[in-house]
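# Descriptive structure summary
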Protein chains: 4
Amino acid sequence: MTEAETKPARRSIGATRNPASQEAILQAAEAVLLENGLSGFSIEAVARRARAGKPTIYRWWPSQAALLLDVYHCRKKVDFNFPDKGNVRDDLRAYLKGLLATWQGTSGAIFRCVVAKAQGEPEAFAALSAYMAERRLQSRRLVEKAQERGEVRADVRPELVTEMLSSFAWGRLLTERLDISDEEVDAVIDTVLAGIVPRPAG
Amino acid sequence: MTEAETKPARRSIGATRNPASQEAILQAAEAVLLENGLSGFSIEAVARRARAGKPTIYRWWPSQAALLLDVYHCRKKVDFNFPDKGNVRDDLRAYLKGLLATWQGTSGAIFRCVVAKAQGEPEAFAALSAYMAERRLQSRRLVEKAQERGEVRADVRPELVTEMLSSFAWGRLLTERLDISDEEVDAVIDTVLAGIVPRPAG
Amino acid sequence: MTEAETKPARRSIGATRNPASQEAILQAAEAVLLENGLSGFSIEAVARRARAGKPTIYRWWPSQAALLLDVYHCRKKVDFNFPDKGNVRDDLRAYLKGLLATWQGTSGAIFRCVVAKAQGEPEAFAALSAYMAERRLQSRRLVEKAQERGEVRADVRPELVTEMLSSFAWGRLLTERLDISDEEVDAVIDTVLAGIVPRPAG
Amino acid sequence: MTEAETKPARRSIGATRNPASQEAILQAAEAVLLENGLSGFSIEAVARRARAGKPTIYRWWPSQAALLLDVYHCRKKVDFNFPDKGNVRDDLRAYLKGLLATWQGTSGAIFRCVVAKAQGEPEAFAALSAYMAERRLQSRRLVEKAQERGEVRADVRPELVTEMLSSFAWGRLLTERLDISDEEVDAVIDTVLAGIVPRPAG
DNA sequence: TACTAAGCGAGACGGTACGTCCCGTCTTGTC
DNA sequence: GACAAGACGGGACGTACCGTCTCGCTTAGTA
């Protein structure tokens, strides 16, 4: 940004997308969002900050929501590695704690905005839905592997398990109560776990 | 609404709030929200529909969010009765199914908007927080009573139990996946239940 | 303008047009037009200069052209008094010289823009047409009175006479050759006059 | 045009101007102007229609106005032949009727735009001025020849005579009143003529 | 009974942002 | 080095709402 604001200004690099502009816009979008919040987030503000023309933004992102989601994707790119610690308890705990930890920073502020936007704009909703569907596919593997290992009963629906955890994290994110003790996390994990482990023989 | 649109227009009834205006505005707000969605919800649109002046709205509701929340409160007034069926399983099932069922109608659409607004506007967030705190107080009783009956272990945090269920419902509401089978509801309830019932002696 | 730029800012004076805004906008429009020319004349520039919102301008003037024409009308309000000097020659001379003189100032610059706009925008054209039609009605009286006095033949079409003079002035305005000697004016007047006075008996 | 729109696209013919592009651009410019009017006339629209790159247009025409004037020149190339019918009356009548007739077609629409553009852009004005100066030189010959034949008084300024006629035509063009009867044309011609023929001895 | 004070509808006000179109400049790869 | 293509920063377009204001009215409560 600082560069963007002081440097002589980017130009076209021919009939092809200018990555410098793209990056400047994403950075500006993130900065505007974090400084002014969702209600202060506008394409105009981003364009001003990025020293970019509005049409340049609309050329590559069809809507505010698309830009928002792109910011989220780019920023959290490395965040989510679905852990494989060898046992369910540790895997699920890492999954939930990872979610909560990630959202405590910048990513959380952005994702809240994405979820909020999705409640009013169909295209934002579609984008979020697609993202969530993909996430569900990834996270269900976590439980499936536990089932293969015999740690989790076969009649358990894998998605439901991770959904219970991620929903819990969503709830905390959207009500700004992410700051949660390890004991509480363990309590949640243990509760879920008790319901999905194989039943004792008796 | 139809009345509001055709009738000659209300006037002041003196130096006191006109309940007819208040009601017309709430009705118009609900109608606008349901017809046009959150993105089409504006004070101007409500004023137009209610045949009310904008200052009349701003006089009684400090912000869009306040109006929204008021609509939600007025509409769901009778909805939530915390059940007392004598055993935890039925109580929790009724609690979760009640939430999901309520939100499948008008209330859900409105509540989604409230949650969304809260992500961008501090006053909306405060209003939602206050509401949620109250809800948590009410719903924890449900678990506490079960603990008194010995159905639930004493070391279980009551709020955490209902939060897991209500978070699950939030997640479904915000991703438009409220249409859920009884089997899934049971799976969720059973999972949670397994984690909170007294442990077998062995 | 100077006032408008420094004063604390106008507000609404209720559900009625604010004449101060109207005046500020007209003044700003004239100033912008004279300083930046037609190509630099934009509603945005006028709004900025008048410290007015764009919607306020669009509320009262449907188009750039309407605003332009209004500026012209307001500014030249007192200019055109059709003379009645008792004889045709002096009347026509006063008519033509008045046109040329008026247009040598601000009014001319504005009217050129109005004519130019009219060549591209139907609504501007309509506005100009209406104005010209009214002008023709007024100016034909000049010749009709001369006909009543017997100074001009009855078979002469009154409009055609004044049109020849006003067209001449248009031509000079649009090619920036308004600076014309009295001899040339007299030559034009005498030429026209020779063609419309009663024919000698022989 | 049709060709331009369907053909696969011209390419460079090496380090030299491609006449096919030039012609395609002029044709496209004329078509755009006639179909969409001056307000719809843009370099982008012309480039789209001609399947040409914008830089190609800017390379050869410095401005919209230059392109416009070039279109006018190319199209009316053959139109104006100054008649020599042997007597002033017929010559002047042919001159005026020629002007009116020419402008009733495509040329008129284009010339209106040129005049309009000239009111806002100095370069367009310069181009129009140069063109008009040349026209005046040509048309004054018409009157000078009549003076040589003794049909017109020697003290008459030749330019003024043709200017009165051409101004009249300009006025009609710019107010879309070119559809004029022969009687009116004759009235104008006779009026001018009466003022310039030799005075009767008495 | 008259006066006052507040609520009412209406809608204009200065603004901000929207999403689109065009400007004139640029760079790329092809011919 | 000219060409088609098209991205770039920029600016104006005309519209929708924002939240504030003033108007003229109506009426309840006070004096």
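Residues numbered from 1 in each chain as written. Chains lettered and ligands numbered in written order. Predicted model: local features only at pLDDT ≥ 70, side-chain atom pairs only at ≥ 80, totals over all residues. Heavy atoms only, no water.

The name given to chain A in an unreviewed UniProt entry is TetR family transcriptional regulator, with the source organism recorded as Shinella zoogloeoides.

## Here we look at the relation of the copies chain C and chain D
Rotating chain C by 180° and translating it 0.0 Å along the rotation axis places it on chain D, where the RMSD comes to 0.4 Å. Both chain copies can therefore be described as sitting about a two-fold axis. In terms of proximity to the rotation axis, the leading residue of chain C is Ala116(C), whose C-alpha is 1.9 Å off the axis. (Least-squares fit on C-alpha atoms with pLDDT ≥ 70 in both.)

## Side note on the relation of the copies chain A and chain B
Between chain A and chain B, which share one sequence, the superposing operator has a rotation angle of 180° and an axial displacement of 0.0 Å; the RMSD is 0.3 Å. Same-surface contact between copies: 97% of interface residues of chain A are shared with the interface of chain B. (Contact = heavy atoms within 4.5 Å.)

## Observations concerning the interface of chain C and chain D
Across the contact, 33 residues belong to chain C and 32 residues belong to chain D. Buried surface at the junction of chain C and chain D, both sides included, amounts to about 3000 Å², of which 64% is carbon and sulfur. For the chain C face of the interface with chain D, the top three residues by lost area are Gln119(C), Met164(C) and Thr191(C), together amounting to 20%. The interface formed by chain C and chain D holds six salt bridges in total. The residue Arg172(D) makes a salt bridge to Glu163(C) at a minimum N-O spacing of 2.4 Å. For the side of chain C that touches chain D, the secondary-structure elements that each account for two or more residues are α7 (106-118), α8 (122-148), α9 (158-174) and α10 (182-196) of chain C. A per-class count over the side of chain C that touches chain D returns 15 nonpolar, eight polar and ten charged. (Buried area = accessible area lost by both parts, 1.4 Å probe. Salt bridge = Lys/Arg side-chain N within 4 Å of Asp/Glu carboxyl O. Helix = DSSP H or I, 4+ residues; strand = E, 2+ residues; numbered from the N terminus. Nonpolar A, V, L, I, M, F, W, Y, C, P; charged D, E, K, R; others polar.)

## Observations concerning the UniProt feature "DNA-binding region" (unreviewed entry) in chain A
This chain's UniProt record puts "DNA-binding region" (unreviewed entry) on residues 42-61 of chain A. Regarding residues 42-61 of chain A, the helix share stands at 75% and the strand share at 0%, and the terminal C-alpha atoms are separated by 13 Å. (UniProt positions renumbered as here; feature names shortened; annotations may be inferred.)

## Overview of the protein's contact with DNA strand F
Looking at DNA strand F, there are 58 residues lining it, with Trp60(A), Lys54(B), Tyr58(B), Lys54(C) and Tyr58(C) nearest. Close to the protein, within 4 Å, the atoms of DNA strand F are drawn from sugar and phosphate at a rate of 66%. In this structure, a base oxygen belonging to DNA strand F sits 2.6 Å away from a side-chain N or O atom of Lys54(B). Glu44(C) has a polar backbone atom sitting 2.8 Å from a phosphate oxygen of DNA strand F. Listing elements by their share of the surface near DNA strand F, those giving two or more residues are α4 (54-60) of chain A, α3 (43-50) and α4 (54-60) of chain B, α3 (43-50) and α4 (54-60) of chain C together with α4 (54-60) of chain D. Top contributing element to the surface near DNA strand F by residue count: α4(D), with five residues. Partitioned by chemical class, the residues of the surface near DNA strand F number 17 nonpolar, 22 polar and 19 charged. (Near = heavy atom within 4 Å. Polar contact = N/O pair within 3.5 Å; in protein donor to acceptor, adjacent residues only side chain to side chain.)

## Brief notes about the pattern of salt bridges
Taken as a whole and judged by the stated rule, the model has 83 salt bridges over all chains. A salt bridge links Glu163(B) to Arg177(A); the shortest N-O distance between them is 3.3 Å. Separated into two different chains, Glu163(B) in helix α9 (residues 158-174) and Arg177(A) in the loop between α9 (158-174) and α10 (182-196) make up a pair that spans both. A relative accessible area of 7% means that Glu163(B) is categorised as buried. (Buried < 20%, exposed > 50% of the residue type's maximum accessible area, 1.4 Å probe, protein only.)

## Concerning the interface of chain A and chain B
Chain A puts 33 residues into the contact, and the matching count from chain B is 32 residues. Across the chain A to chain B interface the summed buried area is about 3000 Å²; carbon plus sulfur atoms make up 65%. Together, Gln119(A), Met164(A) and Thr191(A) form the three largest contributors to the area buried by chain A at its contact with chain B, with a combined 21%. Seen at the junction of chain A and chain B, the total is five salt bridges. Our count for the chain A to chain B interface comes out at nine residue pairs in polar contact (both at pLDDT 80 or more). Every element with two or more residues in the side of chain A that touches chain B is listed here: α7 (106-118), α8 (122-148), α9 and α10 of chain A. Counted by class, the side of chain A that touches chain B contains 15 nonpolar, eight polar and ten charged residues.

## A few points about the packing of aromatic side chains
In this structure the tally under the stated criterion is 20 aromatic pairs over all chains. Look at Trp103(A) and Phe111(A): their rings are 5.0 Å apart centre to centre, the planes differ by 15°, and that puts the pair in the stacked class. Note on Trp103(A): relative accessible area 5%, which makes it buried. Of the aromatic side chains, those joined through ring pairs into one cluster are Tyr72(A), Trp103(A), Phe111(A), Tyr131(A) and Trp170(A). Directly above the aromatic system of Trp61(B) lies the positively charged group of Arg17(B), at a separation of 5.2 Å from the ring centroid. (Phe/Tyr/Trp six-rings, centres within 6.5 Å; stacked < 30°, edge-to-face > 60°. Lys NZ or Arg CZ within 6 Å of the ring centre and 35° of its normal.)

## So, the nonpolar core
Core analysis: the biggest nonpolar cluster contains 128 residues, and Leu67(C), Phe111(C), Leu67(D) and Phe111(D) have the highest contact counts within it. Sequence-distant contacts of Leu67(D), that is, excluding residues within four places in its chain, are made with Ile25(D), Leu26(D), Ala29(D), Phe41(D), Ile43(D), Val46(D), Ile57(D) and Trp61(D). (Core = buried A, V, L, I, M, F, W, Y, C linked by side-chain atoms within 4.5 Å.)

## Thoughts on unusual backbone geometry
Residues and elements named next belong to chain B. Located in the positive-phi region is Arg51, a residue other than glycine, with phi close to 50°. Looking at the element boundaries, Arg51 is found in the loop between α3 and α4. On the basis of relative accessible area, Arg51 is assigned to the partly exposed category, the value being 42%. The phi torsion at Glu176 lies on the positive side, around 55°, for a residue other than glycine. Note that Glu176 resides in the loop between α9 and α10 (182-196).

## A closer look at helix α3 (residues 43-50) of chain D
Every α-helix carries 3.6 residues per turn, so stepping three or four residues along brings you back to the same face. Residue and element names in this part refer to chain D. Burial runs high along α3: six of the eight residues are buried. For α3, the full list of buried residues reads Ile43, Ala45, Val46, Ala47, Arg49 and Ala50. Among the residues trailing α3, Arg51 stands out with phi positive, at a value near 50°.

## A look at the protein's contact with DNA strand E
Surrounding DNA strand E, one finds 56 residues, the nearest of these being Lys54(A), Tyr58(A), Lys54(D), Pro55(D) and Tyr58(D). Atoms of DNA strand E within 4 Å of the protein belong to the sugar or the phosphate in 65% of instances, the rest to bases. A distance of 2.7 Å separates a phosphate oxygen of DNA strand E from a polar atom in the backbone of Glu44(A). The element that contributes the greatest number of residues to the surface near DNA strand E is α4(B), accounting for five residues. Among the residues making up the surface near DNA strand E, the classes are represented as 16 nonpolar, 21 polar and 19 charged.

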